[in-house]
Amino acid sequence: QQKVQQSPESLIVPEGGMASLNCTSSDRNVDYFWWYRQHSGKSPKMLMSIFSNGEKEEGRFTVHLNKASLHTSLHIRDSQPSDSALYLCAASMAQGGRALIFGTGTTVSVSP
Amino acid sequence: GPKVLQIPSHQIIDMGQMVTLNCDPVSNHLYFYWYKQILGQQMEFLVNFYNGKVMEKSKLFKDQFSVERPDGSYFTLKIQPTALEDSAVYFCASRGTPNTEVFFGKGTRLTVV
C-alpha cells in the first residue's frame, strides 16, 4: 500500500507568519494530491487539490507539486489562530474512485 | 455544502459484541469510503465501496468487518465481533465522480470496553 509521509510532525507559527508543510509519496503510481484541514474534534475539510506540476494559490494558501519527486508542499501566509489544526496530505491514483491515502499529518499551532 | 451524515455520533459497546455504524452519503454520490482515526491522528483508509461492491480495502479491514448499502438505505460498516483495538473514530466519506473532492461525515466515536 502506498505511503505518504508528512513533515514536520508539528509546527508553531506566530500569528501573521508563514507556515510551510511538506508531503511526499513513496508510490510512483499516484497522480493526485489533496490537502485537508481538520480542527480538533471535527471532520476533515478539503483545502486544496493539485494534479499538475507547478503552483496553485487560493487566498492565503499556496500548494506546490513536483510530480517527478512526488513532493507537494502547502504554504499558509498571514497565519491566523483559526488556522490551528491538523493538516492532512493525501495521495490517490487516477483510476476511478480510488481511495485517498493520508499521511501522518502536521499539527499547526498559531500563537497570538 | 454537501453533507455526509453519520449515526450514531458515539457508541459504547462490550468487547465481542456486534456494532453497526451508519452513514448517509451525499445524495447522488457513487463512491463511499470508511476511514479509522485514533487519538485525532492519522486518518487510515479501511475500504472503498462502489456499485454495490468493495473496490479496494486495506490490511486494517479485518475479516470481522463488512460493508453494505442496500438500495435506498444507509451505507454501513459492521464489526462482528468487536475487539478493544477497534476503539477509534470512524469516518464515512463519499464523492460523486472519480478524482473529485471527498466529503467526510462528522464521525462515529466507537469505544469498545
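Look a little higher up for the structure.
Now for a quick tour of the structure.

So, how was this worked out
- Residues numbered from 1 in each chain as written.
- Chains lettered and ligands numbered in written order.
- Predicted model: local features only at pLDDT ≥ 70, side-chain atom pairs only at ≥ 80, totals over all residues.
- Heavy atoms only, no water.
- Buried < 20%, exposed > 50% of the residue type's maximum accessible area, 1.4 Å probe, protein only.
- Helix = DSSP H or I, 4+ residues; strand = E, 2+ residues; numbered from the N terminus.
- Pairing = 2+ DSSP bridges.
- Contact = heavy atoms within 4.5 Å.
- Buried area = accessible area lost by both parts, 1.4 Å probe.
- Salt bridge = Lys/Arg side-chain N within 4 Å of Asp/Glu carboxyl O.
- Polar contact = N/O pair within 3.5 Å; in protein donor to acceptor, adjacent residues only side chain to side chain.

## Side note on the pairing of strand β8 (residues 75-79) of chain B
Residue and element names in this part refer to chain B. Within β8, four of the five residues are buried, which leaves the element mostly enclosed by the surrounding structure. Bridge analysis of strand β3 (residues 19-24) against β8 gives five bridges, and the strand direction is antiparallel. Looking at β8, one finds that T20 is bridged to K78. Pairing geometry for strand β7 (residues 65-68) and β8, over four bridges, is antiparallel.

## A word on the interface of chain B and chain A
Between chain B and chain A, the residue contacts involve 23 residues of the former and 23 residues of the latter. Contact with chain A buries surface across chain B, with B:Q42, B:N99 and B:F104 losing the most and accounting together for 29% of the total. Linking chain B with chain A are one salt bridge, by the criterion used here. The partner of B:E56 in a salt bridge is A:R98, with the nearest N and O atoms 2.9 Å apart. Linking chain B to chain A there are 10 residue pairs in polar contact (both at pLDDT 80 or more). Counting residues per element, the ones that place at least two in the side of chain B that touches chain A are β4 (31-37), β5 (43-50) and β9 (88-95) of chain B. It is β4(B) that contributes the most residues to the side of chain B that touches chain A, four residues altogether.

Note that every value here comes from positions in space, so none of it alone points to a role or purpose.
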